[in-house]
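So the chains spell out like this:
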Amino acid sequence: MSKQMSAVAAWGVAPKGGRRTLRGMEVAAPGLHHLTAVTADPRANVGFYARVLGLRPIKRTVNFDDPSAYHLYYGDTAGTPGTLLTFFHWPGAPRGRVGTGQVAGIQLSTAEGSLDHWADRLRTAGFPAEADRRFGEPLVRTADPDGMTVEILACGQDPRPGWSGADIPSPHQLRGMAGAELRVREPGRTLRVLRELLGWREERAENGRHRLVAGPAQPGHWLDLVGDAGAEPGRPGTGTVHHLALRAADAGVSERLRARLASAGAAPSPLIDRTYFRSVYFREPGGILLEIATDGPGFLVDETMETLGSGLMLPPAYEAARSAIVAALPPLDP
Ligand code: ZN
């Protein structure tokens, strides 16, 4: 992935013809697809996301550029877009710092009335649990083993079922991503790109926080854009978000969106085959790495619904070296 990433240049020119292309535009990215963050300790990562938060570990694979490191995926029963969290394992990498040009952390959705359950469960497992509110709605904030902020939001309208395979009583199960917070120094150009090129609509704004929605106004379909001209820029590393992926229905939509971004000076990557989805990467004007990922083909291309996440999946080029790769990877189970 890193090779394509480095080819993603800064915006060359301002978006042109934005107003004209907006009319009749399909909503090319109608929600969140996945969020990818960085961990120093894959075993602690599994312990937190699978056993404490009760997300399904839906895929266990390696970094396609470096098979000595894991790439771990969590989600709902089938790995539905919008429920997906993925983690790059960067052994020995320094701790990152959250700041501008980054996504601030992870936001997950649970039912109204479930926050007391989550605060108790987090504290019992040795993690912090701090109550807060955003746009008037309650949340519990914690930190994962790498120190990354994870927020559990009480969301009224979320029809997603979550996963029933962990020991979380069904009313409290996490249903997937709620939203994501994008932090930039100057929100104006980012706002224009999201609205005029990607089809997101601004729903509300308060104290410098713009809430944008794509598709239905439900969890998994919003972004909070926060401008802070005085904040320090973020530094990549463990405990920070690497990139955020928005949804595209299929590769045709991704290609049309890619052309639109290219004509606006965004220097997007080519469409890349990621086995479970097809991806286009670009950096928005505030410096955040965004991806547009297709809904298909999905996580059942190489495992069944029953066995999802139980084996180590390797790209074909690494299969011949499987036993050496497995022997070099740290164990994940307790
Ligand atoms: Zn991604």
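Visitor: Outline helix α6 (residues 251–263), supporting the account with residue identities and numerical values.
Guide: The α-helix winds at 3.6 residues per turn, so residues separated by three or four positions along the chain end up facing the same way. Spanning 13 residues, α6 covers 18 Å between terminal C-alpha atoms, matching the ideal 18 Å at 1.5 Å per step. All of the buried residues along α6 are Val-253, Ser-254, Leu-257, Arg-260 and Leu-261. End-on view of α6: buried residues confined to an arc of 125°, all on one side of the axis. Positive backbone phi, approximately 90°, marks Gly-265, located one or two places after α6.

Visitor: Describe the sheet that holds strand β1 (residues 32–39), naming the residues involved and giving the relevant values.
Guide: The nine strands are arranged β15-β16-β17-β14-β1-β4-β3-β2-β18 in an open sheet whose pairing can be described as mixed. A strand with exactly one partner marks an edge of an open sheet, and here the two such strands are β15 (272–273) and β18 (312–313). Sitting on the sheet, helix α3 (residues 42–52) touches β1, β2 (56–63), β3 (66–75) and β4 (84–89), and the angle it makes with β3 is about 5°. On the sheet, α6 packs against β14 (241–248), β16 (277–283) and β17 (289–297) and is oriented at approximately 160° with respect to β17.

Visitor: Lay out the coordination of the zinc ion with the relevant residues and their values.
Guide: Protein coordination at the zinc ion: the donors are His-34 (NE2), His-243 (NE2) and Glu-291 (OE), at 1.9 to 2.0 Å from the metal. All donor residues of the zinc ion come from one chain, and their arrangement in sequence is H-x208-H-x47-E. Here His-34 is found in strand β1, whereas its partner His-243 is found in strand β14, with 209 residues between them in sequence. Residue His-243 is classed as buried on the basis of its relative accessible area of 1%.

Visitor: Outline the environment of Ala-180, listing residues and values.
Guide: Relative to the assigned elements, Ala-180 resides in strand β10 (residues 179–184). The class of Ala-180 is buried, set by a relative accessible area of 0%. Along the primary structure Ala-180 and Asp-66 are separated by 114 residues, whereas in three dimensions their C-alpha atoms are 28 Å apart. Look past the residues within four positions of Ala-180 in its chain and what remains in contact with it is Leu-32, Val-103, Gln-107, Trp-222, Leu-223, Asp-224 and Leu-244.

The rules behind these values
- Residues numbered from 1 in each chain as written.
- Predicted model: local features only at pLDDT ≥ 70, side-chain atom pairs only at ≥ 80, totals over all residues.
- Heavy atoms only, no water.
- Helix = DSSP H or I, 4+ residues; strand = E, 2+ residues; numbered from the N terminus.
- Expected span 1.5 Å × (residues − 1).
- Buried < 20%, exposed > 50% of the residue type's maximum accessible area, 1.4 Å probe, protein only.
- Arc of directions from axis to C-beta.
- Pairing = 2+ DSSP bridges.
- Contact = heavy atoms within 4.5 Å.
- Axes fitted to C-alpha atoms, helices over the stretch in contact; angles between N-to-C directions.
- Donors = N, O, S within 2.8 Å, 3.2 Å for Na, K, Ca; no water.

Take it as geometry only, folks, not as evidence of what the structure does.
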